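# Descriptive analysis of the structure
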Amino acid sequence: MLEQELLALAASGGTAVVTAVGTDAWQLVREAVARWFGRGDTERENAELERLTRTETALRQSGADDVERESMRQESAWQARMETLLEGLSDEERATASEELRSLIAGHIPGGLNAEGKGVVVGRDLHVRADGGSAAAVNMGNVRIAGGPTPPQPGRNQEG
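## A few points about the packing of helix H2 (residues 26-38) against helix H4 (residues 67-87)
Put simply, H2 and H4 touch, their axes get as near as 11 Å, and they point 35° apart. Of the residues in H4, those in contact with Val33, Trp36 and Phe37 of H2 are Trp78, Arg81, Met82, Leu85 and Leu86. Of the residues in the contact of H2 with H4, the class split is seven nonpolar, no polar and one charged.

This is the structure:
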(Lines give C-alpha, C1' and ligand atoms only; values in the text may rest on other atoms or scores of the structure.)
Protein backbone atom coordinates (compact mmCIF):
# COMPACT_ATOMS: atom_id res chain seq x y z
CA MET A 1 0.00 0.00 0.00
CA LEU A 2 1.31 3.43 -0.93
CA GLU A 3 1.60 6.23 1.59
CA GLN A 4 -0.79 9.18 1.34
CA GLU A 5 1.77 11.46 -0.30
CA LEU A 6 2.27 9.03 -3.19
CA LEU A 7 -1.48 8.47 -3.55
CA ALA A 8 -1.93 12.24 -3.81
CA LEU A 9 0.90 12.40 -6.34
CA ALA A 10 -0.74 9.71 -8.47
CA ALA A 11 -4.04 11.61 -8.25
CA SER A 12 -2.27 14.77 -9.40
CA GLY A 13 -0.73 12.78 -12.24
CA GLY A 14 -4.15 11.56 -13.38
CA THR A 15 -5.49 15.09 -13.23
CA ALA A 16 -2.45 16.35 -15.14
CA VAL A 17 -3.03 13.94 -18.02
CA VAL A 18 -6.67 14.94 -18.41
CA THR A 19 -5.97 18.65 -17.90
CA ALA A 20 -3.35 18.67 -20.65
CA VAL A 21 -5.61 17.13 -23.33
CA GLY A 22 -6.56 19.79 -25.83
CA THR A 23 -3.88 22.26 -24.74
CA ASP A 24 -0.69 23.32 -26.46
CA ALA A 25 1.19 21.24 -23.89
CA TRP A 26 -0.58 17.96 -24.74
CA GLN A 27 2.10 16.49 -27.02
CA LEU A 28 4.87 17.24 -24.54
CA VAL A 29 2.83 15.86 -21.63
CA ARG A 30 1.84 12.79 -23.67
CA GLU A 31 5.47 12.01 -24.51
CA ALA A 32 6.71 12.72 -20.96
CA VAL A 33 4.04 10.50 -19.38
CA ALA A 34 4.79 7.69 -21.83
CA ARG A 35 8.52 7.93 -21.03
CA TRP A 36 7.74 7.92 -17.31
CA PHE A 37 5.70 4.75 -17.65
CA GLY A 38 8.15 3.17 -20.09
CA ARG A 39 11.10 3.48 -17.68
CA GLY A 40 13.51 2.96 -20.58
CA ASP A 41 11.47 0.24 -22.33
CA THR A 42 10.62 1.56 -25.82
CA GLU A 43 7.93 -1.05 -26.42
CA ARG A 44 6.14 -0.13 -23.19
CA GLU A 45 6.54 3.56 -23.97
CA ASN A 46 4.83 3.03 -27.34
CA ALA A 47 2.00 1.15 -25.64
CA GLU A 48 1.54 4.09 -23.26
CA LEU A 49 1.48 6.53 -26.19
CA GLU A 50 -1.39 4.48 -27.65
CA ARG A 51 -3.25 4.56 -24.30
CA LEU A 52 -2.77 8.31 -24.07
CA THR A 53 -4.11 8.73 -27.60
CA ARG A 54 -7.18 6.69 -26.62
CA THR A 55 -7.65 8.99 -23.61
CA GLU A 56 -7.45 12.03 -25.87
CA THR A 57 -9.95 10.52 -28.30
CA ALA A 58 -12.38 9.60 -25.52
CA LEU A 59 -12.28 13.11 -24.09
CA ARG A 60 -12.61 14.84 -27.45
CA GLN A 61 -15.54 12.63 -28.48
CA SER A 62 -17.43 13.17 -25.23
CA GLY A 63 -20.59 15.15 -25.61
CA ALA A 64 -21.21 18.19 -23.46
CA ASP A 65 -23.30 16.08 -21.07
CA ASP A 66 -20.63 13.38 -20.75
CA VAL A 67 -17.37 15.34 -20.64
CA GLU A 68 -17.24 15.64 -16.84
CA ARG A 69 -18.02 11.96 -16.33
CA GLU A 70 -15.46 10.94 -18.95
CA SER A 71 -12.84 13.27 -17.46
CA MET A 72 -13.38 11.72 -14.03
CA ARG A 73 -13.18 8.23 -15.51
CA GLN A 74 -9.92 9.02 -17.32
CA GLU A 75 -8.38 10.74 -14.28
CA SER A 76 -9.22 7.72 -12.13
CA ALA A 77 -7.81 5.30 -14.68
CA TRP A 78 -4.51 7.18 -14.97
CA GLN A 79 -4.30 7.60 -11.21
CA ALA A 80 -4.76 3.85 -10.74
CA ARG A 81 -2.13 3.07 -13.38
CA MET A 82 0.34 5.44 -11.70
CA GLU A 83 -0.36 3.92 -8.27
CA THR A 84 0.18 0.44 -9.68
CA LEU A 85 3.50 1.39 -11.24
CA LEU A 86 4.72 3.06 -8.04
CA GLU A 87 3.65 0.09 -5.91
CA GLY A 88 5.62 -2.30 -8.08
CA LEU A 89 8.92 -0.46 -7.64
CA SER A 90 11.60 -0.92 -4.99
CA ASP A 91 11.90 1.86 -2.41
CA GLU A 92 14.81 3.42 -4.29
CA GLU A 93 13.07 3.17 -7.68
CA ARG A 94 9.85 4.55 -6.15
CA ALA A 95 11.70 7.58 -4.78
CA THR A 96 13.19 8.27 -8.20
CA ALA A 97 9.92 7.69 -10.06
CA SER A 98 7.93 9.91 -7.69
CA GLU A 99 10.44 12.73 -8.08
CA GLU A 100 10.28 12.33 -11.87
CA LEU A 101 6.48 12.45 -11.74
CA ARG A 102 6.54 15.61 -9.60
CA SER A 103 8.90 17.22 -12.11
CA LEU A 104 6.76 16.11 -15.02
CA ILE A 105 3.66 17.66 -13.47
CA ALA A 106 5.43 20.88 -12.51
CA GLY A 107 7.28 21.24 -15.80
CA HIS A 108 4.65 20.43 -18.39
CA ILE A 109 1.22 21.35 -17.11
CA PRO A 110 -0.16 24.74 -18.14
CA GLY A 111 -0.33 26.87 -15.01
CA GLY A 112 1.16 23.98 -13.04
CA LEU A 113 -0.52 21.74 -10.54
CA ASN A 114 0.72 22.21 -7.05
CA ALA A 115 -0.36 20.46 -3.87
CA GLU A 116 2.30 21.52 -1.41
CA GLY A 117 2.41 19.81 1.94
CA LYS A 118 -0.82 17.95 2.48
CA GLY A 119 -2.73 19.81 -0.24
CA VAL A 120 -4.78 18.14 -2.93
CA VAL A 121 -5.05 19.14 -6.59
CA VAL A 122 -8.60 19.19 -7.92
CA GLY A 123 -9.22 19.34 -11.64
CA ARG A 124 -12.96 20.02 -11.49
CA ASP A 125 -15.60 21.39 -9.09
CA LEU A 126 -14.85 21.01 -5.41
CA HIS A 127 -17.68 20.95 -2.89
CA VAL A 128 -16.77 21.55 0.74
CA ARG A 129 -19.18 20.89 3.58
CA ALA A 130 -18.81 21.47 7.30
CA ASP A 131 -21.07 19.76 9.82
CA GLY A 132 -21.47 19.82 13.58
CA GLY A 133 -20.49 23.41 14.24
CA SER A 134 -17.27 23.25 12.23
CA ALA A 135 -16.18 25.67 9.52
CA ALA A 136 -14.75 24.96 6.10
CA ALA A 137 -13.38 27.34 3.48
CA VAL A 138 -11.60 26.99 0.17
CA ASN A 139 -11.23 30.60 -0.91
CA MET A 140 -10.92 33.01 1.96
CA GLY A 141 -11.97 35.94 -0.26
CA ASN A 142 -15.60 36.00 0.89
CA VAL A 143 -16.31 33.59 3.73
CA ARG A 144 -19.24 33.84 6.08
CA ILE A 145 -19.62 31.66 9.13
CA ALA A 146 -23.30 30.91 9.87
CA GLY A 147 -24.37 32.84 12.90
CA GLY A 148 -21.39 35.17 12.57
CA PRO A 149 -21.11 38.67 11.15
CA THR A 150 -21.27 39.16 7.41
CA PRO A 151 -17.81 40.06 6.08
CA PRO A 152 -17.29 43.47 4.47
CA GLN A 153 -18.06 43.52 0.75
CA PRO A 154 -15.47 45.17 -1.52
CA GLY A 155 -16.59 48.59 -2.74
CA ARG A 156 -19.44 48.94 -0.24
CA ASN A 157 -19.63 51.59 2.47
CA GLN A 158 -19.26 49.79 5.79
CA GLU A 159 -20.59 52.59 7.97
CA GLY A 160 -23.38 51.39 10.10
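Read on for the rest.
## A few points about unusual backbone geometry
Of note in the backbone geometry, Arg39 takes a positive phi value of approximately 50° without being a glycine. Judged by its relative accessible area of 33%, Arg39 is partly exposed.

## Brief notes about the packing of helix H1 (residues 4-20) against H4
Two elements in contact, H1 and H4, have axes separated by 7 Å at closest approach and are oriented at 135°. Taken together, the axes of H1 and H4 are oblique relative to one another. Crossing angle aside, the handedness with which H1 passes H4 is right-handed. When H1 is examined against H4, the residues Leu6, Leu7, Ala10, Ala11, Gly13, Gly14, Thr15, Val17 and Val18 are found in contact with a partner set consisting of Ser71, Gln74, Glu75, Trp78, Gln79, Met82, Glu83 and Leu86. Residue composition of the contact of H1 with H4, grouped by class: nine nonpolar, six polar and two charged.

Rules of the game
- Residues numbered from 1 in each chain as written.
- Predicted model: local features only at pLDDT ≥ 70, side-chain atom pairs only at ≥ 80, totals over all residues.
- Heavy atoms only, no water.
- Axes fitted to C-alpha atoms, helices over the stretch in contact; angles between N-to-C directions.
- Helix = DSSP H or I, 4+ residues; strand = E, 2+ residues; numbered from the N terminus.
- Contact = heavy atoms within 4.5 Å.
- Nonpolar A, V, L, I, M, F, W, Y, C, P; charged D, E, K, R; others polar.
- Buried < 20%, exposed > 50% of the residue type's maximum accessible area, 1.4 Å probe, protein only.
- Parallel < 35°, antiparallel > 145°, perpendicular 65-115°, else oblique.
- Left-handed = near helix turned anticlockwise from the far one by under 90°.

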